[in-house]
Protein chains: 2
Amino acid sequence: MATPDTRTQILDAAEQLFAEHGYSGTSIRAITKLAGANLAAVGYHFGSKADLMGAVARRATEPINAAQCAGLDTLLARTPDPTVGELVEAFAGPLFDALPGGDEGGARRSRLIVMILSDPAEAARGWTGPAEDTVRDRYFAAFARALPGLSPQELWFRMRGILAVTSVDRLQVHQHPTPGCDSPTPGEAARHWALTFLTAAVSAPPTRP
Amino acid sequence: MATPDTRTQILDAAEQLFAEHGYSGTSIRAITKLAGANLAAVGYHFGSKADLMGAVARRATEPINAAQCAGLDTLLARTPDPTVGELVEAFAGPLFDALPGGDEGGARRSRLIVMILSDPAEAARGWTGPAEDTVRDRYFAAFARALPGLSPQELWFRMRGILAVTSVDRLQVHQHPTPGCDSPTPGEAARHWALTFLTAAVSAPPTRP
DNA sequence: GTATGATTCAAGCGAACGTATGAAACGAAC
DNA sequence: GTTCGTTTCATACGTTCGCTTGAATCATAC
């Protein structure tokens, strides 16, 4: 086994517990206990519970953001006018890929993203940095080129829809065990279903006012 | 003014605070203080904090469920085979209509729904009763008739997508004030955008395996 | 070996938490 | 006016919270 490294063990434990019980619902005592570390280790390594949450959020969202950015770069390097489907895949794909664990670590990371996006704790402000806004703006511009007739407001709505579908999906799979189909949605199928669903949605003609 | 009625004042205050800060992030002390009631009133009227949350959730979701059910009834009374667009509107519409307050009460109710759907507190299990499952099953059957080629799993995925989009929308409008378009999304426009978005998404051809 | 900086530890602080309790205040019936 | 069931009240209990502290432990360099 590699170095236990208290700091990252705390990060791992915090990621899991924050994802499962939310920010307010997780105590640093529970985190340090799961991590096998001392209670004071959080204060020593991160400063406070809120700062720990920030570190967890940064570690989880940074690779996703980087992948989204890189995907758009390669897309734009090939053609100045990617299709809506390509943009949707480049934007939403990393939200599925960031969960390589398949089952355990995957669902946990996904859950954490939802929690970051939806947790009402005041500390949630500032969990996502300006990098997220930058990549979102770039995708917005690319989508606007691919969907000329759409008003900026409706385009923002559709981009929020992408985030909503990708992030909430697995969450509800876990919560409501899907009456009617017993096995949880396999990750690969969900990815394809989401891209079909979202490409059709984003490509819809503008709403007539 | 009508009767203050401690019990409903507690329900109102709890709805607001649960929506703003989540379940774990809200103390019954804050609720009773906002309601102008005594701390022990929660225990007397509802039994416990978890039971209070259940009452809040029930009061918020029941009219939505009833409207969804009634909408499907009138639709099926007219024709045995409604279109996807009609089904989407009957299913998703009440999630927008349940917020008649326009601004304050509306966004709050919407926020509460999101919180109910996504709060990771263990107490969240059981907040929604079997009535929700029943109406979902009925819509599932209707959608299955309108979308013959779709596998049950993918159809469940798309119905989860409807819930995701409708519930997460206003949430993120409030959190990230939509860089680029300053005014928050007006409710009526969001409703139409959502129906356009979702009808196109649900109507998409089945994902090729 | 010993000094030094980094890390971990047990213990405790004050505050806030959910809940319980028994006494006061209230309104309607007699 | 007295009684009785309902509702409100002040208060307290035991627990857990986030955070701090000072001593103990460790690794490394001299």
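The name an unreviewed UniProt entry gives chain A is Transcriptional regulator, TetR family, with Actinacidiphila alni as the organism.

On to the overall build of chain A, then. In terms of regular secondary structure, chain A is built from nine helices and zero strands. Going from N to C terminus, chain A has its helices and strands arranged as α-α-α-α-α-α-α-α-α. Looking at chain A as a whole, 52% of its 209 residues are labelled buried. Looking at chain A alone, contacts between residues at least 24 apart form 71% of all its contacts between residues at least 6 apart. Accessible surface computed for chain A: about 9,300 Å², of which carbon and sulfur atoms make up 57%.

Residue and element names in this part refer to chain B. The interhelical angle for the contact between helix 5 (residues 84–97) and helix 7 (residues 130–146), taken along N-to-C directions, is 165°, at an axis separation of 10 Å. With respect to helix 7, the element helix 5 is oriented roughly antiparallel. For helix 5 against helix 7, the interelement crossing comes out left-handed. Only Tyr139, Ala142, Phe143 and Ala146 of helix 7 make contact with helix 5, whose side of the interface consists of Val84, Leu87, Val88, Ala90 and Phe91. Of the residues in the contact of helix 5 with helix 7, the class split is nine nonpolar, no polar and no charged.

With that out of the way, let us pick up the protein's contact with DNA strand C. Near DNA strand C, the surroundings consist of 15 residues, among which Thr6(A), Tyr44(A), His45(A), Ile28(B) and Arg29(B) are the closest. The contact in question runs from a phosphate oxygen of DNA strand C to an N or O atom on the side chain of Thr6(A), over 2.4 Å. Here a phosphate oxygen of DNA strand C and a backbone polar atom of Thr26(B) are 3.4 Å apart. Secondary-structure elements contributing two or more residues to the surface near DNA strand C are helix 3 (40–46) of chain A together with helix 2 (28–35) of chain B. Looking at the surface near DNA strand C, the element that brings in the most residues is helix 3 of chain A, giving three residues. Its residues placed into classes, the surface near DNA strand C shows six nonpolar, six polar and three charged.

Here we come to the protein's contact with DNA strand D. Neighbouring DNA strand D are 14 residues; Arg29(A), Leu39(A), Thr6(B), Tyr44(B) and His45(B) lie closest to it. Those atoms of DNA strand D that come within 4 Å of the protein belong to sugar or phosphate at a rate of 49%. Note that a phosphate oxygen of DNA strand D is positioned 2.3 Å from one of the side-chain N or O atoms of Thr6(B). Between Asn38(B) and DNA strand D, the recorded distance is 3.3 Å, taken from a backbone N or O atom to a phosphate oxygen. When residues of the surface near DNA strand D are traced back to their parent elements, those giving at least two are helix 2 (28–35) of chain A together with helix 3 (41–46) of chain B. Residue classes in the surface near DNA strand D are distributed as five nonpolar, six polar and three charged.

A few words now on the packing of aromatic side chains. Applying the stated criterion to the full structure yields 10 aromatic pairs over all chains. Aromatic ring contacts, followed pair by pair, group Phe157(A), Trp193(B) and Phe197(B) into a single cluster. Lying across the ring of Tyr23(A), Lys49(A) places its NZ or CZ 4.5 Å from the centre.

Using the residue numbers shown here, the UniProt feature "DNA-binding region" (unreviewed entry) corresponds to residues 27–46 of chain A. Span residues 27–46 of chain A is 75% helix and 0% strand, its end C-alpha atoms 15 Å apart.

So, about the environment of Trp156(A). Looking at the element boundaries, Trp156(A) is found in helix 8 (residues 152–175). Between the alpha carbons of Trp156(A) and Ala144(A) there is a distance of 9.8 Å; along the sequence they are 12 residues apart.

Residues Phe143(A), Phe18(B), Leu52(B), Met53(B) and Phe143(B) are the most contacted members of the largest nonpolar core, which totals 94 residues. Counting residues per element, this core draws most heavily on helix 4 (residues 49–78) of chain B, which supplies nine residues. Excluding residues within four positions of it along the chain, Phe143(A) makes contact with Val84(A), Leu87(A), Val88(A), Leu155(A), Met159(A), Ile162(A) and Val202(A). Residues Leu11(A), Ala41(A), Ala57(A) and Ala60(A) belong to the second largest nonpolar core, which totals 23 residues.

The next subject is the pattern of salt bridges. Scanning the model with the defined rule gives 14 salt bridges over all chains in all. Its salt-bridge partner being Arg145(A), residue Asp81(A) comes within 2.8 Å of it at the nearest N-O pair. Of this pair, Asp81(A) sits in the loop between helix 4 (49–78) and helix 5 (84–97) while Arg145(A) sits in helix 7 (residues 130–146), placing them 64 residues apart in sequence. Accessibility expressed as a relative area gives 51% for Arg145(A), which makes it exposed. Among the salt bridges present, the one from Asp73(B) reaches Arg138(B), with a minimum N-O distance of 2.9 Å. Taken as a pair, Asp73(B) in helix 4 and Arg138(B) in helix 7 lie far apart in primary sequence, 65 residues in all.

Criteria and thresholds
- Residues numbered from 1 in each chain as written.
- Chains lettered and ligands numbered in written order.
- Predicted model: local features only at pLDDT ≥ 70, side-chain atom pairs only at ≥ 80, totals over all residues.
- Heavy atoms only, no water.
- Helix = DSSP H or I, 4+ residues; strand = E, 2+ residues; numbered from the N terminus.
- Buried < 20%, exposed > 50% of the residue type's maximum accessible area, 1.4 Å probe, protein only.
- Contact = heavy atoms within 4.5 Å.
- Areas by Shrake-Rupley, 256 points an atom, 1.4 Å probe, with all protein chains shown as cover.
- Axes fitted to C-alpha atoms, helices over the stretch in contact; angles between N-to-C directions.
- Parallel < 35°, antiparallel > 145°, perpendicular 65-115°, else oblique.
- Left-handed = near helix turned anticlockwise from the far one by under 90°.
- Nonpolar A, V, L, I, M, F, W, Y, C, P; charged D, E, K, R; others polar.
- Near = heavy atom within 4 Å.
- Polar contact = N/O pair within 3.5 Å; in protein donor to acceptor, adjacent residues only side chain to side chain.
- Phe/Tyr/Trp six-rings, centres within 6.5 Å; stacked < 30°, edge-to-face > 60°.
- Lys NZ or Arg CZ within 6 Å of the ring centre and 35° of its normal.
- UniProt positions renumbered as here; feature names shortened; annotations may be inferred.
- Core = buried A, V, L, I, M, F, W, Y, C linked by side-chain atoms within 4.5 Å.
- Salt bridge = Lys/Arg side-chain N within 4 Å of Asp/Glu carboxyl O.

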